[in-house]
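Read off the chains here:
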Protein chains: 2
Amino acid sequence: MARTVDPNRVAERREAIVRAAGVLFAEHGYEGTTAAQIARAAGLSSASVFYYFADKAAVFRAIFESSIPEHAEMLARHRDREDCAAAIVDIAETLAAEVLDPSAPGLMVELLRRMDHDPALTEIVLEDARRSAEVIAELLRRGMADGQFEPGFAPERFARWILAIVDAAFLNCDPADPQDPRPLVRATICRLLCPLGMEAR
Amino acid sequence: MARTVDPNRVAERREAIVRAAGVLFAEHGYEGTTAAQIARAAGLSSASVFYYFADKAAVFRAIFESSIPEHAEMLARHRDREDCAAAIVDIAETLAAEVLDPSAPGLMVELLRRMDHDPALTEIVLEDARRSAEVIAELLRRGMADGQFEPGFAPERFARWILAIVDAAFLNCDPADPQDPRPLVRATICRLLCPLGMEAR
C-alpha cells in the first residue's frame, strides 16, 4: 500500500516550522539560525525542515507569505465600507497591531537584510504592500469623490505614505519597552484624513 | 625638518573620502565596496583611506558622525522659538529633506544592516536620535504648557514618534521615482499638532 500524505498534517507542521522560525530568526538573525534549531523548536526531528521546505530561505519567505491571505481577507472586509476614512484608519491600525508580536521588530530588520539576497522574497513583500496600497487608494478616491475628506495629495502617493506610517510603528518599536503603536497610528492617520473634532463620530 | 601635517588638508581629504564612500556604500553595499574603490572615487591613491581612517567600518561611521554637528546646530536654531509647533514641524522637515540625497535610501538600509555588527555605529546613531528627540520633547512640553497644542500623548513618546515618521520618509523613498517627502511630513506632523485651518498662519 502506498504511503499516504495527510494534507492537514503537512499544513500543521509547516505552520509549526514557520512559527518557530519567526521567533528564532528575530532573536538570532537569519544567519545565526540553523534548520536543525528550527526543527527542534517546532518539536520535529532535526532534518525534517527540508521535508517541508526547499531550503532555509523558503522558510523565511513563508513567514511573510503566510500574512498575504490574512491581509487579503482583512482588506476585503474594509474595502466597501461607507465611511472611507474609518475604513482606512482601521486597515492601518490592524496592520500596525502586528508590531505587538514580540518577534516583529527583529523580523523587520532581517527582512530588510534578506531582500537584497532573495528576489522571490522582495516579490512577496512588494506584492503584499501593493495590494494594501491599492485598496487604500481606492478608499481614498471614493472618499474624495464623496466629499468625505480632501487630503490634498494624489491617492496612490498618499496610500503609500499611510503604509509608510505603519512601517514607522515597526521602526519605532523598542523591544526593551514595547508599547501599543495603535493609538499613535490611529491619531496620525485620522488627523491626516478628518478635520479635528470629527474623530469621535 | 619634521614633516608637518596640514590640518585643513586632513579635514578636506577625510571629507572627500566620506562623500565618495557614501555614494559607493549606497550603490554597492558596505560589503560590496573596497577601500581602494573609495580612494579612487575620492581622487586619492589606493591605500590612502587607511591613512585617514582606522578601517572601512570607521569610514562608514564617519558618514553618520558628520551629521551630528549639523543637526546640533539646526536644533539649536529651533529650540527657543516661540511657536513650538512650527519649530517642531521645521525640524522634522529639515531632517526629512535628507531623503533628497540620492544615496539616502541605500545608506538607510546599509545602516540597519551594519548596526548589529558595530556597537560604536549604533551608539552614534542612537545619540543623534536622542538629541533630536530631546529638543522636540522640550518644545512639546513648552507648547503644551503654553496651551499651543494638546497632542494627547507623553512628550518623550510623541517626540520619538515624530522622528519615526521622518524615518518612514526614508523607507518610503523609491529611488526609481524620487519624490520630495517634505510636503507629506509637514502635513502629517502639522495636523498632529495643530487644529486644522491653523496650518497657514
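Refer to the preceding data block for the structure.
The notes below deal with the structure included here. (Residues numbered from 1 in each chain as written. Chains lettered and ligands numbered in written order. Predicted model: local features only at pLDDT ≥ 70, side-chain atom pairs only at ≥ 80, totals over all residues. Heavy atoms only, no water.)

### Details of the pattern of salt bridges
Then, number 1: This structure, assessed with the given rule, holds 26 salt bridges over all chains.
Then, number 2: The shortest N-O distance in the salt bridge between Arg186 of chain A and Glu93 of chain A comes to 2.5 Å. Remark: Glu93 of chain A occurs in helix H6 (residues 84–96) and Arg186 of chain A occurs in helix H10 (residues 182–193); sequence separation between them is 93 residues.
Then, number 3: The class of Arg186 of chain A is partly exposed, set by a relative accessible area of 31%.
Then, number 4: A salt bridge links Glu127 of chain B to Arg131 of chain B, with the nearest nitrogen and oxygen atoms 2.8 Å apart. (Salt bridge = Lys/Arg side-chain N within 4 Å of Asp/Glu carboxyl O. Helix = DSSP H or I, 4+ residues; strand = E, 2+ residues; numbered from the N terminus. Buried < 20%, exposed > 50% of the residue type's maximum accessible area, 1.4 Å probe, protein only.)

### Comments concerning the packing of aromatic side chains
Given two aromatic rings, one states the distance between the centres and the angle between the planes to describe the pair.
Then, number 1: Under the defined criterion, the tally for this structure stands at 12 aromatic pairs over all chains.
Then, number 2: Centroid distance Phe25 of chain B to Tyr30 of chain B: 5.4 Å. Interplanar angle 35°. Geometry classified as tilted. This pair shows no difference in class: Phe25 of chain B is buried, exactly as Tyr30 of chain B is.
Then, number 3: The structure contains a cluster of three or more aromatic residues connected by ring pairs, namely Phe25, Tyr30, Phe60 and Phe64 of chain A.
Then, number 4: The ring centre of Tyr30 of chain A lies 3.8 Å from the NZ or CZ of Arg114 of chain A, which sits over that ring. (Phe/Tyr/Trp six-rings, centres within 6.5 Å; stacked < 30°, edge-to-face > 60°. Lys NZ or Arg CZ within 6 Å of the ring centre and 35° of its normal.)

### Concerning the relation of the copies chain B and chain A
Relating one copy of the chain to the other takes a rotation about an axis and a shift parallel to that axis.
Then, number 1: With an RMSD of 0.1 Å, the operation that places chain B on chain A is a rotation of 180° combined with a shift of 0.0 Å along the axis. Taken together, the rotation angle and the small translation identify this as a two-fold axis. The position closest to the rotation axis in chain B is occupied by the C-alpha of Ala168 of chain B, lying 2.5 Å away.
Then, number 2: The residues that chain B uses at the interface reappear at the interface of chain A in 100% of cases, marking a shared surface. (Least-squares fit on C-alpha atoms with pLDDT ≥ 70 in both. Contact = heavy atoms within 4.5 Å.)

### Side note on the interface of chain B and chain A
By a widely used convention, the size of an interface equals the accessible area lost when the partners come together.
Then, number 1: Between chain B and chain A, the contact holds 31 residues from the first and 31 residues from the second.
Then, number 2: Taken together, the two surfaces of chain B and chain A that pack against each other cover about 2,900 Å², and 64% of this comes from carbon and sulfur.
Then, number 3: Summed over the shared surface of chain B and chain A, the result is zero salt bridges.
Then, number 4: Applying the counting rule to chain B against chain A returns eight residue pairs in polar contact (both at pLDDT 80 or more).
Then, number 5: For the side of chain B that touches chain A, the elements supplying multiple residues, two or more each, are helix H7 (104–115), helix H9 (155–171) and helix H10 (182–193) of chain B.
Then, number 6: At 10 residues, H9 of chain B tops the list of elements feeding residues into the side of chain B that touches chain A. (Buried area = accessible area lost by both parts, 1.4 Å probe. Polar contact = N/O pair within 3.5 Å; in protein donor to acceptor, adjacent residues only side chain to side chain.)

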